[in-house]
Structure formats: structure tokens, C-alpha cells
Amino acid sequence: MPMTFFLPVSTYPDPTPTAGLLRAVDMAASLGGEVTALVHEVDIEEVRSAFAHMLIDVSAMIAAAEARSHAAAAELTVELEHLARRFRIPLTVRRARTRPDAAAALVASEARTFDCSLLMPARASDDQAAVAEAVLFQSGGPAWVFPDGEATAHLESAAVAWDGGRAAARAVRDAMPMLETVGHVTILCATDDKTIGPTSVGHLQDQLRHHGIDAEARLFTRAEQPVGAALQQAAIESGAGLMVMGAYGHSRVREFILGGATRGVLDERRLPVFMSH
């Protein structure tokens, strides 16, 4: 059976980057899957303030914003249909309309009934970052996170970011069907980030070998680089076209605090990253 991929598409204030859509549909097609896209339009609540209406035409501003969102939804739907034909992949497009502050919860809920999600948040968009984080930590499943600009991507070689922790182990298990299809795997360990048990890497190699995957280990120091940037640089230097890593975070009252590597990769993506929490 083909894998089912969930693709959330934003329309306001920043539309989902088309470069990310291209990579997402290409990856889903390469893995033999089918895509369901949720195109989200914004529904802005009317400001009920006579004073505000005296200063500016609030109703007109709201109508204009919703019109831009609706137009972007139409354009992105056409682009998705074009990509589906180009890559010969089954595509279903759903539409949804909610308040901006309800988008992240809606998308995370919708993602729960798919094998994997496809994310490409625009770099400067806090709204899209919130949606991506909600999917990663609330959907219960893994996600591909794609760069929103130029980047190299291929399935010939993969890198696995490994620190011996729970999130990394979960990511490897979730990514195993994909890892079995690549030609080469490199295990990356930042030795000056976390203490990694002396047998941990060997045990991971044994696990991968059990699935027919030969993997070499590469130990490196990140020095002054943020760990997310250092991992991606090491992956690219190893020839990887994608990276597998655990998504780490913890809840602190009302906000979700991301781990350093997770935050670094989400903020600055240089290659496709398969993430699992």
C-alpha cells in the first residue's frame, strides 16, 4: 500500500513557498506515496470598536486580507495540481477556513490520520513556524521538513543525527522504510554537544545492518557552530541528500520549548530533514 502524506498549505499572511511544495511532492512521489493537501484560508474576526472604525476602515482591511488569502489558495491549488500531474502522484485537496490562532491546532489534528506530514514553513513566518511545531509535537507522527529556498535533495545517501536519546531512536525507527531505499547512510555524532555512550553507535549500526543497511559513523565537533547548523553541514559534507533526526522539545506551562538542534534546523534548513518526536 502507498504511504499517505499530509501537506498543510498556508495562504496568509505568507503563502507556502512553491519551492518547498516542489520538493515535498517530489519526495512523496519518490517514496511511492499519495498526498492530501489541506489549503488553509484565513477567517479574520471583525473588530467591534467604534473608535477603531473612526481611524481606519477595519472592515475593508479585513475583507482585503481574506480576499488575498482566497486568491493565494486558488493559485496554490493550481500549483499543486500541476505538480501532481508532473510527478504522476495521486493528490487530494481539502480546503479549510479558520481564525489565524486556530490554524496550528487544526492542522495538527488533521495530520493524525496520515503516515507522515510534509512541511516547508517560510523562514520569516512565525505563523507557519507555529503550524510546523504543532504538527511535529502534537500530530503523533513523523514529518519531512523542507527548505523554502534552493537546496540539494536526493535519496542516494542519508545522514542520521544520533545522540543515543529517545527522540533520535524514534526517528530512526520511523525512517527505516525510507533508509532501506537509500544507497548509503552516515551516522553523525557531535561529540562536544552531548555525551554519547561508547556502545551506542555500534548498537545503532547493528540495528541498521539487521535491515540490510550498512552505515558508517562520523564523529565531529561543532566548535562555535550551533548544533543544528553543524549537523546539517556535516550531513552535506558526507554527501547526504537528506537527514534523519529526532525532534526534541518539552512543554513549559503554556509554551513549547524546543531543543537547540530542533530549533536550529527549523529556523535554517539546508536540506530535507525527516523529523520525529
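These remarks concern the structure in this document. A quick note: this is a predicted structure, and the numbers were derived from the prediction, not measured. (Residues numbered from 1 in each chain as written. Predicted model: local features only at pLDDT ≥ 70, side-chain atom pairs only at ≥ 80, totals over all residues. Heavy atoms only, no water.)

### Considerations on the environment of His203
Mapped onto the secondary structure, His203 falls in helix α7 (residues 200-210). Along the sequence, His203 and Gly164 sit 39 residues apart, while their C-alpha atoms lie 9.7 Å from each other. (Helix = DSSP H or I, 4+ residues; strand = E, 2+ residues; numbered from the N terminus.)

### Digging into the sheet that holds strand β9 (residues 242-246)
Across the sheet, ten strands lie side by side as β3-β2-β1-β4-β5-β12-β9-β6-β7-β8; this open sheet has mixed pairing. The open sheet has two edge strands with one neighbour each: β3 (91-98) and β8 (215-220). The mean angle between the axes of side-by-side strands here comes to 25°, regardless of whether they run parallel or antiparallel. Bridge analysis of strand β5 (residues 143-145) against strand β12 (residues 273-276) gives three bridges, and the strand direction is antiparallel. (Pairing = 2+ DSSP bridges. Axes fitted to C-alpha atoms, helices over the stretch in contact; angles between N-to-C directions.)

### Examining the packing of aromatic side chains
Under the counting rule described, the total for this entry stands at three aromatic pairs. Taken together, a centroid distance of 5.4 Å and an interplanar angle of 80° make the contact between Trp144 and Phe274 edge-to-face. In this pair, Trp144 sits in strand β5 while Phe274 sits in strand β12, placing the two residues 130 residues apart along the sequence. For the pair Trp144 and Phe274, a shared accessibility class is recorded, and that class is buried. (Phe/Tyr/Trp six-rings, centres within 6.5 Å; stacked < 30°, edge-to-face > 60°. Buried < 20%, exposed > 50% of the residue type's maximum accessible area, 1.4 Å probe, protein only.)

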